[in-house]
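Report on the structure
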Amino acid sequence: PPAKPPAMSQHWLATGRASPRLVLVVVFVALLLDNILLTVVVPIVPTFLYATEYEGANSSVSPALPEPAPAAPRAPPFSSVLSYFDNTTVPVRGFTSAEDLLNGTGSSPPGHPSSSPPGHPPSSPQTPPRGCLEGGEFLAQENTRVGLLFASKALVQLLVNPCVGLLTNRIGYHIPMFLGFTIMFFSTVMFAFSGTYTLLFIARALQGVGSSFSSVAGLGLLASVYPDDSERGSAMGIALGGLALGVLIGAPFGSVMYEFVGKASPFLVLAFLALLDGALQLCILQPSRIAPESTKATPVSTLLRDPYILVAAGALCFSNMGVAMLEPTLPIWMLQTMCSPQWQLGMAFLPASISYLIGTNLFGILANRMGRWLCSMVGMAVVGISLLCVPLASSIYGLIGPNAGLGFAIGMVDSSMMPIMGYLVDLRHTSAYGTVYAIADVAFCMGFAIGPSTGGAIVRALGFPWLMVIVGVLNVAYAPLCWLLRSPPATEERMAILSQECPMQPKSYTPKEALPEFPLTEESDGEAENGE
């Protein structure tokens, strides 16, 4: 009897390692944690920086400011960190000088709006409504800084991805997956104890390295354990559901924990969950085992010259750029125009996350039937229309419709494009997936790198509504290109068709011995299964 439990556990591990479903669970959990950490900082960083830097600067000018007045007429709806926002109204442009505070011109009683800045009429929109954060100039500058902080993760991931793609082709997917978990754990702990912008920036960049290992190795591993195209599409949909669930939980979880427990609390919970993920990986994936790809991978340069892969990568990039631009700019826009309390900043992203979760799971299966090209084309058009509707909202309830539409549409694009990437490699190159999913992740990261970094600058120059118009129009304009993915040719003879449809002149590819040729018909819509 005492010998049975170890034997049973060994048998369970052996069957687990052979099961694609348990591999799917590991990848699901890794993407889930990565994306909770990705979005948990969205509502925390703007108000944390405001509380530490803007309020710190004001408190050094006026020592009376930091402590809230004990006889405040009403309890404001902010956390203890933000509890004095209601009690003193400072002119919006720049910091209040010591002279203004002494003369009484820099503040007014909580019940009355402060006098307008010189040169503005009393009804000027520059004067914040009651309950809004003061320091409009600081908030405007913060758009750029928060955007750069959020973009640092994607920029680092962009640089590391190609290296990870090559590494997975040489040593397999298991070790890079475990490396990703290790780096993610250290990044999470660093976020918990970082008190300055610089440390937060480093923690975010470190997360980019870990995320690169986890996502490229995870998606490549899934593609290799699900060789059948329709099964792979469903598995990718479930894995992307983990990504969606992470985005879904992250922002609301972060805003509620930050308001009611403290800044470090959400990160410490995530660090504990990351340890559980590491234990799961040790059991299932055997990260000490080196298992290189059985087939020689197509070089990255060849894949990047394939116009079909570029079209699919572009769709991933532009559709995700919309939500990437919203992350740093929407909370600050809400603070300026809606006077939103802290907990609402994260809740604004809830409709997008729920609908993304539904979209990825629904279209993981449906896209294969209706045509993945059609699914992604409709998705990109809906992304554009949803973004155009965001600035029309006057309260958090007005954001529900546009954000839900945005999340659902991005779910359509992601769940169509991720399997298409694996399918294109099967069809036109060799069945080694590390490199092509590195390209897919690079496209995803370009959206999340260009989005926040340029979004903050565009908001400062043109305003938030114009930012939404620019990205929305860009998505609608790109959507028709997805038609090119309707029936990608597999043979050298069909390459001539592409040169008429697309101005890019790809190099001709030699047919690969490892794969049979696919004479695609119109009915197949490019979704013929891999003939292995």
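Presented here is an overview of the structure given in this document. (Residues numbered from 1 in each chain as written. Predicted model: local features only at pLDDT ≥ 70, side-chain atom pairs only at ≥ 80, totals over all residues. Heavy atoms only, no water.)

What to know about the pattern of salt bridges
- Applying the stated criterion to the full structure yields two salt bridges.
- Between Arg232 and Asp426 there is a salt bridge, with its nearest N and O atoms 3.0 Å apart. Of this pair, Arg232 sits in helix H7 (residues 229-260) while Asp426 is found in helix H14 (residues 400-428), placing the two residues 194 residues apart along the sequence.
- The exposure class of Arg232 is buried, given its relative accessible area of 0%.
- Residue class for Asp426 comes out buried when judged on its relative accessible area of 3%.
- Between Asp306 and Arg428 there is a salt bridge; the shortest N-O distance is 2.8 Å. (Salt bridge = Lys/Arg side-chain N within 4 Å of Asp/Glu carboxyl O. Helix = DSSP H or I, 4+ residues; strand = E, 2+ residues; numbered from the N terminus. Buried < 20%, exposed > 50% of the residue type's maximum accessible area, 1.4 Å probe, protein only.)

Notes on the packing of aromatic side chains
- Per the stated rule, a full pass over the model turns up seven aromatic pairs.
- Relative to Phe186, the ring of Phe185 lies with its centre 5.9 Å away and its plane at 65°, an arrangement referred to as edge-to-face.
- Ring centres 5.1 Å apart and planes at 50° place the aromatic pair Phe318 and Tyr478 in the tilted group. With a gap of 160 residues between them, Phe318 in helix H10 (residues 307-337) and Tyr478 in helix H16 (residues 464-478) connect regions that are remote in the sequence.
- You can call Phe318 partly exposed: its relative accessible area is 22%.
- In this structure, Arg145 is placed above the aromatic ring of Tyr197, and the distance from its NZ or CZ to the ring centre is 4.3 Å.
- The side chain of Lys263 reaches across the aromatic face of Phe48, ending 5.1 Å from its centre. (Phe/Tyr/Trp six-rings, centres within 6.5 Å; stacked < 30°, edge-to-face > 60°. Lys NZ or Arg CZ within 6 Å of the ring centre and 35° of its normal.)

Looking at the environment of Ala223
- When you line up the elements, Ala223 lands in helix H6 (residues 197-225).
- Classification of Ala223 as buried rests on a relative accessible area of 0%.
- In the structure, Ala223 is positioned 198 residues away from Met421 in sequence and 9.8 Å away in space, judged by C-alpha atoms.
- Excluding residues within four positions of it along the chain, Ala223 makes contact with Arg232, Met236, Tyr433 and Tyr437. (Contact = heavy atoms within 4.5 Å.)

A closer look at the environment of Met338
- Summarising the element assignment, Met338 is placed in the loop between H10 and helix H11 (342-347).
- Taking the C-alpha atoms as reference points, Met338 and Ile396, separated by 58 residues in sequence, lie 7.8 Å from one another.
- Leave out the neighbours within four places in its chain, and Met338 touches Trp333, Ala393, Ser394, Ser395, Ile396 and Leu399.

Digging into the nonpolar core
- Of all hydrophobic cores here, the largest spans 109 residues; its most connected members are Leu326, Leu330, Leu399, Met417, Met421, Tyr437 and Leu485.
- Apart from residues lying up to four places away in sequence, Tyr437 is in contact with Val216, Leu219, Gly220, Ala223, Met236, Met418, Pro419, Met421 and Gly422.
- Listed in part, the six residues of the second largest apolar core include Val164, Ile183, Phe213 and Val216. (Core = buried A, V, L, I, M, F, W, Y, C linked by side-chain atoms within 4.5 Å.)

Some words on the environment of Val26
- Looking at the element boundaries, Val26 is found in helix H2 (residues 20-61).
- For Val26, a relative accessible area of 0% translates into the label buried.
- What Val26 contacts, discounting residues up to four positions off in sequence, is Met177, Asp277, Leu280, Gln281, Ile284 and Leu285.

Some remarks on H6
- Between its first and last C-alpha atoms H6 spans 42 Å; for 29 residues at 1.5 Å apiece the expected length is 42 Å, and the two agree.
- By the criterion of burial, H6 is predominantly enclosed, with 21 of the 29 residues buried. (Expected span 1.5 Å × (residues − 1).)

A word on the packing of helix H12 (residues 350-370) against helix H13 (residues 372-389)
- The N-to-C vectors of H12 and H13 enclose an angle of 115°; their axes lie 6 Å apart at closest approach. Contacts from Phe363, Ala367, Asn368 and Met370 of H12 reach H13 at Arg372, Leu374 and Cys375.
- Class assignment of the residues belonging to the contact of H12 with H13 gives a composition of five nonpolar, one polar and one charged. (Axes fitted to C-alpha atoms, helices over the stretch in contact; angles between N-to-C directions. Nonpolar A, V, L, I, M, F, W, Y, C, P; charged D, E, K, R; others polar.)

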